[in-house]
Structures are given as structure tokens and as C-alpha cells.
Amino acid sequence: MMIYQKIYEPTIKSNITVIRDDLYPFLGGGNKGRKLDSIGQEILEQSYKAVVTTGGIQSNHCRATAVFCAQNNLKCTLILHGDKEKFYQESGNAKIMRMSGAEIIFVNQPVEIGPAMDQAMQNYQRIGINAYYLWGGGHNCQGGKAYIDAINQLDKQLAVDYLFVACGTGSTQAGIMAGLSQNNIDCKVIGISVARNQQSAQEHVSTFYNMLCDTFSIQRKHEVIVLDEYLCGGYEKYNNELKKISDNSIQNYGFTLDTTYSGKAFWGMQEHVLKHNLQGNIVFWHTGGIFNFLA
Ligand SMILES: *Cc1c(COP(=O)(O)O)cnc(C)c1O
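Below is a summary of the structure that appears in this document. (Residues numbered from 1 in each chain as written. Predicted model: local features only at pLDDT ≥ 70, side-chain atom pairs only at ≥ 80, totals over all residues. Heavy atoms only, no water.)

Some remarks on the overall build of the chain
1) Next: If you tally the helices and strands in the chain, you get 12 helices and 10 strands.
2) Next: The C-alpha atoms of the chain give 19 Å as radius of gyration, which agrees with the globular expectation for 295 residues (19 Å, within 12%).
3) Next: Summarising its shape, the C-alpha atoms of the chain cover approximately 60 × 45 × 35 Å along the three principal directions.
4) Next: For the chain, buried positions account for 54% of its 295 residues.
5) Next: Contacts in the chain between residues at least 24 apart in sequence constitute 75% of all its contacts with a sequence separation of at least 6.
6) Next: Approximately 13200 Å² of the chain is accessible, and the part contributed by carbon and sulfur atoms is 47%.
7) Next: Charged side chains of the chain number 25 positive and 26 negative; the gap between the two group centres comes to 3 Å. (Helix = DSSP H or I, 4+ residues; strand = E, 2+ residues; numbered from the N terminus. Rg over C-alpha atoms; globule rule 2.2 N^0.38 Å. Buried < 20%, exposed > 50% of the residue type's maximum accessible area, 1.4 Å probe, protein only. Contact = heavy atoms within 4.5 Å. Areas by Shrake-Rupley, 256 points an atom, 1.4 Å probe, with all protein chains shown as cover. Lys, Arg positive; Asp, Glu negative; His and termini not counted. Charge placed at Lys NZ, Arg CZ, Asp CG, Glu CD.)

Quick look at helix H7 (residues 171–182)
1) Next: In this model H7 runs 16 Å from its N-terminal to its C-terminal C-alpha over 12 residues, within 8% of the 16 Å that 1.5 Å per residue would give.
2) Next: In terms of burial, H7 is a largely internal element, 11 of the 12 residues being buried.
3) Next: The set of residues buried in H7 consists of Ser171, Thr172, Gln173, Ala174, Gly175, Ile176, Met177, Ala178, Gly179, Leu180 and Ser181.
4) Next: Backbone geometry just after H7 places asparagine 184 at a positive phi near 55 degrees. (Expected span 1.5 Å × (residues − 1).)

A look at the nonpolar core
1) Next: Judged by nonpolar contacts, the single largest core of 31 residues is most densely connected at Leu163, Ile176 and Trp285.
2) Next: For this core, the secondary-structure elements that each account for two or more residues are helix H6 (141–152), strand E7 (162–167), H7, helix H8 (198–215) and strand E10 (282–286).
3) Next: With six residues, H8 is the largest single contributor of residues to this core.
4) Next: Residues within four places of tryptophan 285 in sequence aside, it is in contact with Met2, Ile19, Asp21, Tyr147, Ala150, Ile151, Leu163, Phe164, Val165 and Ile176.
5) Next: By size, the runner-up hydrophobic cluster in this structure holds 27 residues, among which are Ile7, Ile12, Tyr230 and Trp267. (Core = buried A, V, L, I, M, F, W, Y, C linked by side-chain atoms within 4.5 Å.)

Concerning the site of the ligand
1) Next: Residues in contact with the ligand amount to 15 residues; listed here are only the nearest, Lys32, Gly168, Thr169, Thr172 and Thr287.
2) Next: Taking lysine 35, its side chain carries an N or O atom lying 2.8 Å from an oxygen atom of the ligand.
3) Next: The side chain of threonine 172 places a nitrogen or oxygen atom 2.6 Å from an oxygen atom of the ligand.
4) Next: When the ligand sits alone it has 390 Å² of accessible area, and the protein chains cover 96% of it.
5) Next: Here the shell around the ligand gets three residues from one element, more than from any other, and that element is helix H1 (residues 30–45). (Near = heavy atom within 4 Å. Polar contact = N/O pair within 3.5 Å; in protein donor to acceptor, adjacent residues only side chain to side chain.)

A short note on the packing of aromatic side chains
The geometry of an aromatic ring pair is captured by two quantities: the separation of the ring centres and the angle between the planes.
1) Next: For the coordinates displayed, the defined rule picks out 11 aromatic pairs.
2) Next: Between tyrosine 24 and phenylalanine 26, the aromatic rings sit 5.8 Å apart at their centres with planes inclined by 75 degrees, giving edge-to-face as the arrangement.
3) Next: By relative accessible area, tyrosine 24 is classed as buried at 10%.
4) Next: Counting every residue linked through ring pairs, the aromatic cluster contains Tyr253, Phe255, Phe266 and Phe284.
5) Next: One Lys or Arg, lysine 32, reaches over the ring of tyrosine 261 and ends 5.5 Å from the middle of that ring. (Phe/Tyr/Trp six-rings, centres within 6.5 Å; stacked < 30°, edge-to-face > 60°. Lys NZ or Arg CZ within 6 Å of the ring centre and 35° of its normal.)

Some details on the pattern of salt bridges
Once their charged atoms are close, side chains differing in charge can pair, the charge on each being opposite to the other.
1) Next: Taken as a whole, this structure holds six salt bridges when the rule is applied.
2) Next: For arginine 220, the salt bridge goes to aspartate 214, with nearest N and O atoms at 3.7 Å.
3) Next: Lysine 243 is the partner of aspartate 247 in a salt bridge, and the nearest nitrogen-oxygen pair spans 2.9 Å. Highlighted residues: aspartate 247 and lysine 243, both in helix H9 (residues 240–247), separated by four residues, approximately one helical turn.
4) Next: Judged by relative accessible area, lysine 243 falls into the partly exposed class, the value being 32%. (Salt bridge = Lys/Arg side-chain N within 4 Å of Asp/Glu carboxyl O.)

Here's the deal with unusual backbone geometry
1) Next: Positioned with a positive phi, serine 217 is a non-glycine residue whose angle comes to about 50 degrees.
2) Next: Position of serine 217 relative to the elements: it lies in the loop between H8 and strand E9 (225–227).
3) Next: Unlike most non-glycine residues, cysteine 232 shows phi in positive territory, near 60 degrees.
4) Next: Assignment of secondary structure puts cysteine 232 in the loop between E9 and H9.

Quick notes on the packing of H6 against H8
1) Next: Viewed as axis vectors pointing N to C, H6 and H8 meet at an angle of 80 degrees, and their least axial separation amounts to 10 Å. Relative to H8, H6 is oriented roughly perpendicular. In this structure, H6 uses Cys141, Gly144, Lys145 and Ile148 to contact H8, whose residues at the interface are Phe208, Met211, Leu212 and Thr215.
2) Next: Partitioned by chemical class, the residues of the contact of H6 with H8 number five nonpolar, two polar and one charged. (Axes fitted to C-alpha atoms, helices over the stretch in contact; angles between N-to-C directions. Parallel < 35°, antiparallel > 145°, perpendicular 65-115°, else oblique. Nonpolar A, V, L, I, M, F, W, Y, C, P; charged D, E, K, R; others polar.)

Notes on the sheet that holds strand E5 (residues 103–107)
1) Next: Taken in spatial order, the four strands line up as E5-E4-E3-E6 in an open sheet, and their pairing is parallel. A single partner strand is all that each edge strand has here, and the edge strands are E5 and strand E6 (131–133). The mean inter-strand angle of the sheet, taken between neighbouring strand axes irrespective of direction, is 25 degrees.
2) Next: In this sheet, E5 lies alongside strand E4 (residues 75–81) in parallel orientation, the contact comprising five bridges. Counterpart to isoleucine 79 in the pairing with E5 is isoleucine 105. (Pairing = 2+ DSSP bridges.)

Printed below as a string of C-alpha cells:
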């Protein structure tokens, strides 16, 4: 399922095609909805009865996982990090997680996540429940495959010279690149990092791209490009310019651009196209974030 929207972008005086994965119709949408749909197939095929995963208090991934488990009558344990009090007050993903029936376990420090996940896995094992261990962000092969599948469904008429996408764990970008390579679609894929510096982000995307290409016998054709100039200091950080793009997003385009993911990528795209005077067909892959926008 692919939804397209053409917009005119005045800052760069050109039309852009937006792939509206924020409207992906399952599990609350966004790239985490798309990933979980694919990961979910594996979970159901292999008859797991529970899922253990992790994320922050507004994690789109944990929301999609919790909704998947609710829909399929599986047990779900979410190891969350962040402000516990906020989690019980905020709307958006936090509210959906609270109401999903998932078991919620808070840890104070990121180093406690691994041990807490292991503990949750052991607890399920002890009562004879086969649990699926899911990395934060849905960062596994089956999650990346969701994007190879998405590119296979891409409108063959869509002209694309530059494709921009938010880059967190990098599996969305790597999956898109693997799908484009498989389909011999020659274009530049430019990730806008939402958390990591350029070197680290590019390493993560490369590793995952290589893994997907090896797994699915795809010949690598794309250069790994991730920009870190639009980080605003790191994950969930933003500046006035980015805030303004987010605040005006519905009025200007009719969709939401949150400051953590899609807005950051959109702003990075605008700046990068301007700075390098890029000419050609631009595609923006909207990865979602409606619920953290509404938090
Ligand atoms: C997680 C997330 C991303 C980053 O995706 P990765 O595959 O981890 O790089 C981008 N946008 C939104 C809305 C997300 O929730």
C-alpha cells in the first residue's frame, strides 16, 4: 500500500512527491507500522505467543508492537526508558501503549535495557511462553524487508532522482536502498540523521544494507549517504526553524511534520536542496510520527 501526494515546496521552488507512509493503514501507521506488519508475519508464522521490545515513552515502534500484540492476542512486554511521570500523563503513543494491555516496565538508565529485556524473556520462558525478542526500532532483517517490499510496490511511473528519508536506526533507509538496488532504480538516497553523527549513521546504514543485500541476493548499487548537519544537537532536539516547519506543516501541506523525525528530515531536505542547488525529481519519504506530534 503506497500513498502519494504532490506538493509545491516554495523554499526550493519545485514540486516534490511525498510518499505518505504516515498514512500506512495498519498498526497506527508510519514506518514502524510498516515494519511491524512485516515482522508480525514472522512472529505469527513461527507461532510466538509474546513479544519483548524496547523504546522511549513516545516510541512509535513500541506503539506499533503493542497494537500488533493486541490485535493478535499475544502477550507484550515493553521496556521503556524516559520520564515515567510524563508517560502516564502524555497522549499520543504513550496513551496507546497504556491502553494496549501491554506490560510496561521502566528502567532508569539505557544500560539497564538489555538486562531488563533478558529478564522479561526469561520470565516468559519460565511459564512456558515462547517470546520473540525484538530490537528497539524494529531493527531486524524482517523489518528491513518491509522496505524492499515497499519499493517493489512503488509506482513504476514515479520519477526519482533524489529520495530523502529520516534516518534513526537506519533500517528504513537501508531497506529502501536494497529495494531500489533490486529494482535497478538509479537515484540518490539521502538520509537525514535524527540522532547519530554522520560516520556512525553511515556505518549503521551500510551494515544493514549489506546484510539485506546478502540475505536477499541483491547486488549493491547505491552509495550510503547520511547527513548530520540537521541534528540540532541530537535526538528530539530542534531549533526555531524546525519548530516553525512543524507548526506550519498542516497549514502548508496538509500533513503533520513532527520535530523528532519527519520534520527534521523535511527541513534537512529543504536546506540540502537549496545549498547544493539540486535539480531533478525529488521524493520525500514521510516516515510518520503523527502520534508523537500529537503527544
Ligand atoms: C523510528 C522512526 C524513524 C527512523 O526510522 P529508522 O528505520 O529507525 O531509521 C523515522 N521516522 C519516524 C516517524 C520514526 O518513528
